[in-house]
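# Observations on the three-dimensional arrangement
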Amino acid sequence: MGMVGGGAGSFIGPVHRMAAELDGDIELVAGAFSQDPARSRQAGETYHISPDRAYANYQEMMERESKRADAIDFVCIVTPNHVHLPIAVAALEHGFHVMSDKPATATLKEAETLEAVVRRTGLLYGLTFTYTGFPLVREARRMTRAGALGKIRKAVVQYSQGWLSSSLETTGQKQAVWRSDPGQAGQGGAIGDIGVHAFNLLEYVSGRQVAEICSDLSSVVAGRSLDDDCNVLLKLDNGAPGVLFVSQIAAGDRNDLQLHLYGEKGGLHWRQEDPHYLLVNWAGKPSETFHAGGDYVSAETRAEFRLPLGHAEGLIEAFANIYRDFAKSIHARFNDPSAQLSDLVPGIDAGVRSMTFVERAVTNSRKGWCAL
Ligand code: NAD
């Protein structure tokens, strides 16, 4: 794996490195970790990679790696959103598969451009919609798709954080600065940063697509040009109604992603801050709680746990499940050039859908209100 981004002081790059290497299928061997060549070299030392493979910029990494006999197989993108597109395109054009962090790109137009390049090159493109890697999320997906809940009739998904309750970006906090700058974050603020997770989780588990939305986006903290709070009504493609809300100004909230999905036979409930439990409330019979590590889940889900009951796994292991499936897809490609990306890994379709959601939520916000 070659990484772009993930230099000193960055948030998610080091998490990707830990997760990718967890199962021994992947090794970080190259990177362009910062826009600053000295910082990139320094990060290379921290990650224990050979000095000649800590590159000054991503263009140099693609060019030099593509000429090596022991070249990287894929590029992992962990930079701010505005450079996801050029980095992904450069990687694909040099023959490397891509694993990108979300959102796929900064805008819908960019996502469509990327989709065309992915299709033309035929290379693998995966997106780390992290929460899709939690075994109990996948168990929820398997149950739902097998019809355990019956017809889906209502969906509620929330993702609330409080870390942008004040104008943190004006203090220079690195992660807040670029997320509140449309030039680096893209079209969406909270909707692009965490709304895409909520949207993807809903479609990933329900197996349904969101067909229509009615959105209300706000910039609650003065001085922001991007949204920091979003409330969206939605209709699934089977007509089922739903609600999605995301906020980064929900003071005191940490990383409260929740999915509530109701069918004719019952409703399932999963919460990221307590990811070891999946609760299913059945209509007319007692509720069931599925525990992480339990052997009563499907064989596929059992294989996604690394530890037995009662031993906590978390975000890094969820990321690692996505990487493991991505690595399996690359291995399959070694033997069969027509092998496709595992359907457990969100790909370019999920990237375009989530960017369509962001674009529509932003451009249609605040239409259709009436006064009381
Ligand atoms: P960050 O600001 O902490 O780190 C970004 C890193 O990219 C820095 O090291 C910076 O120097 C580097 N960088 C910027 N431009 C570069 C370039 N042209 N070439 C090489 N390096 C460059 O940001 P972050 O919070 O880690 O977010 C990074 C990405 O990951 C974003 O797209 C964000 O949406 C996504 N993210 C996803 C999750 C998740 O749950 N999946 C969580 C956090 C962040």
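To be clear, the structure that these remarks concern was listed above.
Residues numbered from 1 in each chain as written. Predicted model: local features only at pLDDT ≥ 70, side-chain atom pairs only at ≥ 80, totals over all residues. Heavy atoms only, no water.

### Some remarks on the side chain of Ser-247
Here is the rule: Strands here mean DSSP runs of E at least two residues long; helices mean DSSP runs of H or I at least four residues long; both are numbered from the N terminus. In the analysis that follows, any N or O atom pair within 3.5 Å is treated as a polar contact, provided that within protein one partner can donate a hydrogen and the other can accept it, and provided that, for residues neighboring in sequence, both atoms belong to side chains. Residue contacts are defined here by distance: any two heavy atoms, one from each residue, within 4.5 Å place the two residues in contact.
Note on placement: Ser-247 falls in strand β9 (residues 241–247). There is a polar contact of 2.8 Å between the side chain of Ser-247 and the side chain of Asp-229. A polar atom in the side chain of Ser-247 sits 3.1 Å from the backbone nitrogen of Ile-249. Those residues within four positions of Ser-247 in sequence are excluded, and the remaining contacts are Tyr-159, Ser-160, Gln-161, Ile-194, Asp-228 and Asp-229.

### What to know about unusual backbone geometry
Just so we agree on the cut-off: Relative accessibility thresholds used throughout: buried, under 20% of the residue-type maximum; exposed, over 50%; partly exposed, between the two (1.4 Å probe, protein chains only).
Along the chain, Lys-102 connects to Pro-103 via a cis peptide bond; the corresponding omega equals -15°. By the secondary structure assignment, Pro-103 is in the loop between β4 (97–101) and α5 (108–121). In this structure, His-48 takes a positive phi of about 60° despite not being glycine. Within the element layout of this structure, His-48 appears in the loop between α2 (37–46) and α3 (58–65). The exposure class assigned to His-48 is exposed, which follows from its relative accessible area of 71%. Phi is positive for Arg-366, close to 70°, though the residue is something other than glycine. Summarising the element assignment, Arg-366 is placed in the segment after α12 (348–363).

### Side note on the site of the ligand
Selection rule: One heavy atom within 4 Å of a molecule or strand is enough for the residue carrying it to be called near that molecule or strand. Accessible areas in this description were obtained via Shrake-Rupley with a 1.4 Å probe; residue shielding takes into account the shown protein chains only. Residue type decides the class: Asp, Glu, Lys and Arg count as charged, Ala, Val, Leu, Ile, Met, Phe, Trp, Tyr, Cys and Pro as nonpolar, and the leftover types, Gly among them, as polar. For each domain, the first and last residues come from an automatic or database assignment.
The immediate surroundings of the ligand are formed by 28 residues, with Phe-11, Asn-81, Asp-101, Thr-130 and Gln-175 found nearest. Interatomic distance of 2.9 Å between a side-chain N/O atom of Trp-178 and an oxygen atom of the ligand. Interatomic distance of 3.0 Å between a side-chain N/O atom of Arg-179 and an oxygen atom of the ligand. Here the ligand has 840 Å² of accessible area as a free molecule, and 93% of this is covered by the chains. Breaking the shell around the ligand down by element, the ones donating at least two residues are β1 (2–5), α7 (174–179) and α9 (190–206). Per-element tally for the shell around the ligand: the top contributor is α7, with 4 residues. Its residues assigned to classes, the shell around the ligand comprises 10 nonpolar, 13 polar and 5 charged. Each of two domains, domain 1 (2–123) and domain 2 (134–308 + 353–371), supplies a minimum of three residues to the shell around the ligand.

### Describing the packing of helix α1 (residues 12–21) against helix α11 (residues 315–335)
Put simply, the rule reads: Lines are fitted to the C-alpha atoms to define the axes, a helix being fitted only along its stretch in contact, and any angle between axes, read from their N-to-C directions, falls within 0 to 180 degrees. By definition, turning the near helix anticlockwise from the far helix through less than a right angle yields a left-handed crossing, and turning it clockwise yields a right-handed one.
It is the contact of α1 with α11, at a shortest axis distance of 8 Å, that shows an interaxial angle of 65°. By crossing handedness, the relation of α1 to α11 is classed as right-handed. Two secondary-structure elements touch here, α1 through Ile-12, Val-15, His-16, Met-18, Ala-19 and Ala-20 and α11 through Ile-316, Phe-319, Ala-320 and Tyr-323. Taken together, the residues that form the contact of α1 with α11 break down as 9 nonpolar, 1 polar and no charged.

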